[in-house]
Amino acid sequence: MNKPVIAVVGAGRMGIGIAHVFAYAGHKVELIDSKERSQPETERFLKEAAGQMENNLHFLASLELFDPSLAEKILGRIDYHSLNDMEAVLPGADVVFEAAPEILEVKKDTFDRIGTSARNDAWIASTTSTFMVDTLASFLDKPERFVNTHWLNPAYLIPLVEVSPGAQTASGVLAGMMELLSGVGKVPVQCAASPGFIVPRIQALAMNEAARLVQEGVAAPEAIDTASRVGFGLRFAVLGLLEFIDWGGGDILYYADRYLEQELSTDRYAPPDIISENMANGRIGMKSGRGFYDFSGRDVTAYQRETMRKFVDLLQHLGYWSPPGEPSLRGISPSLHK
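Attention in this report is confined to the structure presented alongside it.

About the cut-offs
Residues numbered from 1 in each chain as written. Predicted model: local features only at pLDDT ≥ 70, side-chain atom pairs only at ≥ 80, totals over all residues. Heavy atoms only, no water. Helix = DSSP H or I, 4+ residues; strand = E, 2+ residues; numbered from the N terminus. Contact = heavy atoms within 4.5 Å. Areas by Shrake-Rupley, 256 points an atom, 1.4 Å probe, with all protein chains shown as cover. Lys, Arg positive; Asp, Glu negative; His and termini not counted. Charge placed at Lys NZ, Arg CZ, Asp CG, Glu CD. Core = buried A, V, L, I, M, F, W, Y, C linked by side-chain atoms within 4.5 Å. Buried < 20%, exposed > 50% of the residue type's maximum accessible area, 1.4 Å probe, protein only. Polar contact = N/O pair within 3.5 Å; in protein donor to acceptor, adjacent residues only side chain to side chain. Phe/Tyr/Trp six-rings, centres within 6.5 Å; stacked < 30°, edge-to-face > 60°. Expected span 1.5 Å × (residues − 1). Arc of directions from axis to C-beta. Pairing = 2+ DSSP bridges. Axes fitted to C-alpha atoms, helices over the stretch in contact; angles between N-to-C directions.

What follows covers the overall build of the protein chain. Assigned secondary structure in the protein chain consists of 13 helices and eight strands. Reported as C-alpha extents along the three principal axes, the dimensions of the protein chain are approximately 60 × 55 × 45 Å. A fraction of 63% describes how many contacts in the protein chain between residues 6 or more apart in sequence connect residues 24 or more apart. Entry remark: accessible area of the protein chain is about 19,000 Å², with carbon and sulfur atoms responsible for 55%. Separation between the mean location of the 31 positive side-chain charges and that of the 43 negative ones in the protein chain comes to 3 Å.

Right, here's the structure in full:
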């Protein structure tokens, strides 16, 4: 069975990353500039896009992730086009990803062009992290074939894609998009249409709080970044945030929230209603058998052991674990390295 032909409208960093993913997975890709330019400007822009694609592939090959001889074959699956080529190119595409700048007027103009050029049965997706799916779907005559797919930069490295269906998105389009993304090695997660999707909402809060720590003189930027990498990032590379709550206990979070809310005199640490409700109903996680997840009938010991094994594997890989009596240099003050 032939792989679907992919068109990406927008040849900036995100568009290049998406084209890379599909070409790497064996798809034919049409990468189309989304901006009106003079011919010399277009040629220069697309040449730069092709150069970036080549650099990314050679970098990955240099890490011995694939045979360098395959790079040319991968690059050969991608054709580059100007905006004026869209009407001729899009009818051959099975799936169209819009990756134009995050300006609503620009999005509307891009979807007007896509809507008149793409086949009626082609799936259409936006890579936006700003606009709601139904807003963008309204720019198309057939909104049932549209879905938001929020990729994270760099798109060719980060596995996650947040998929947000609209009120009229056909169930087959949603299921097909999830399958398509999984088939090229991505990890798609479905979410409702909501400002910020999942990751941007969480990371905005975390980054703002890190900035406040600098503002309040709690620690130097280097210390905060080390703490966030080694104390925060390592744990959440293995456990999801809600899984971590259940692992340690929702009661611990509840009391920590109340303490921080009181001591820092701000309601931004107030426990959300769902945490308070879980506390009231005894759903505090693994130790009570239920929290955000249901642990009843589950081999909790095996789950804990497997989770800890993944964590230790990560520590070893990053150099934070050493044999007895041989502390890692990562844990030694730089002044002691001399």
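A few words now on the nonpolar core. Counting residues in hydrophobic clusters, the biggest one holds 39 residues, and the most contacted among them are Phe22, Phe97 and Trp151. Apart from the residues lying within four places of it in its own chain, the contact partners of Trp151 are Met14, Ile18, Val21, Phe22, Phe97, Thr127, Leu160, Val161, Leu181 and Lys186. Counting residues in each nonpolar core, the second largest holds 21 residues, with Ile32, Leu90, Ala137 and Leu140 among its members.

Tracing the backbone through its elements, the reader meets Ser126 in strand 5 (residues 123-126). The exposure class assigned to Ser126 is buried, which follows from its relative accessible area of 0%. The spacing of Ser126 and Ala99 is 27 residues in sequence and 6.4 Å in space, taken between C-alpha atoms. When sequence neighbours within four positions are dropped, the list of residues in contact with Ser126 reads Glu98, Lys107, Phe111, Leu136, Phe146, Val147, Asn148, Thr149 and His150. A polar contact of 2.5 Å, which involves the side chain of Ser126, links it to the side chain of Glu98. A polar contact of 3.1 Å, which involves the side chain of Ser126, links it to the backbone nitrogen of Thr128.

This part takes up the packing of aromatic side chains. All told, the structure shown has 10 aromatic pairs when counted by the stated rule. On the numbers, 5.6 Å between centres and 80° between planes, the contact of Tyr24 with Phe66 is edge-to-face. Taken as a pair, Tyr24 in helix 1 (residues 13-24) and Phe66 in the loop between helix 2 (39-62) and helix 3 (71-75) lie far apart in primary sequence, 42 residues in all. Since its relative accessible area comes to 11%, Phe66 is described here as buried. Aromatic side chains Tyr254 and Tyr255 sit 5.3 Å apart centroid to centroid with 75° between the ring planes, which places their arrangement in the edge-to-face category.

With respect to the element layout, Glu209 can be found in helix 8 (residues 199-215). Among all residues touching Glu209, those that are not within four sequence positions of it are Arg268 and Tyr269.

In this model helix 5 (residues 104-117) runs 20 Å from its N-terminal to its C-terminal C-alpha over 14 residues, within 8% of the 20 Å that 1.5 Å per residue would give. Lys107, Thr110, Phe111, Ile114 and Ser117 are the residues of helix 5 that are buried. All buried residues of helix 5 fall inside an arc of 130° around its axis, so they share one side. Structural note: helix 5 exposes Glu105 and Thr116 on the side pointing more than 90 degrees away from its buried face.

Read across the sheet, eight strands follow the order 3-2-1-4-5-6-7-8 without closing on themselves; strand pairing throughout is mixed. Both edges of this open sheet fall to strand 3 (78-81) and strand 8 (187-190), since each of them pairs with a single strand only. Looking at each pair of strands side by side, their axes are set apart by 25° on average, direction ignored. In this structure, strand 7 (residues 160-165) lies alongside strand 8, joined through four bridges in parallel fashion. Counterpart to Glu162 in the pairing with strand 8 is Val189. The strands that helix 2 touches are strand 2 (29-32) and strand 3; relative to strand 3, the one it contacts most, it runs at about 155°. Running at roughly 155° to strand 8, helix 7 (residues 171-183) makes contact with strand 1 (6-9), strand 4 (95-98), strand 5, strand 6 (146-151), strand 7 and strand 8 of the sheet.

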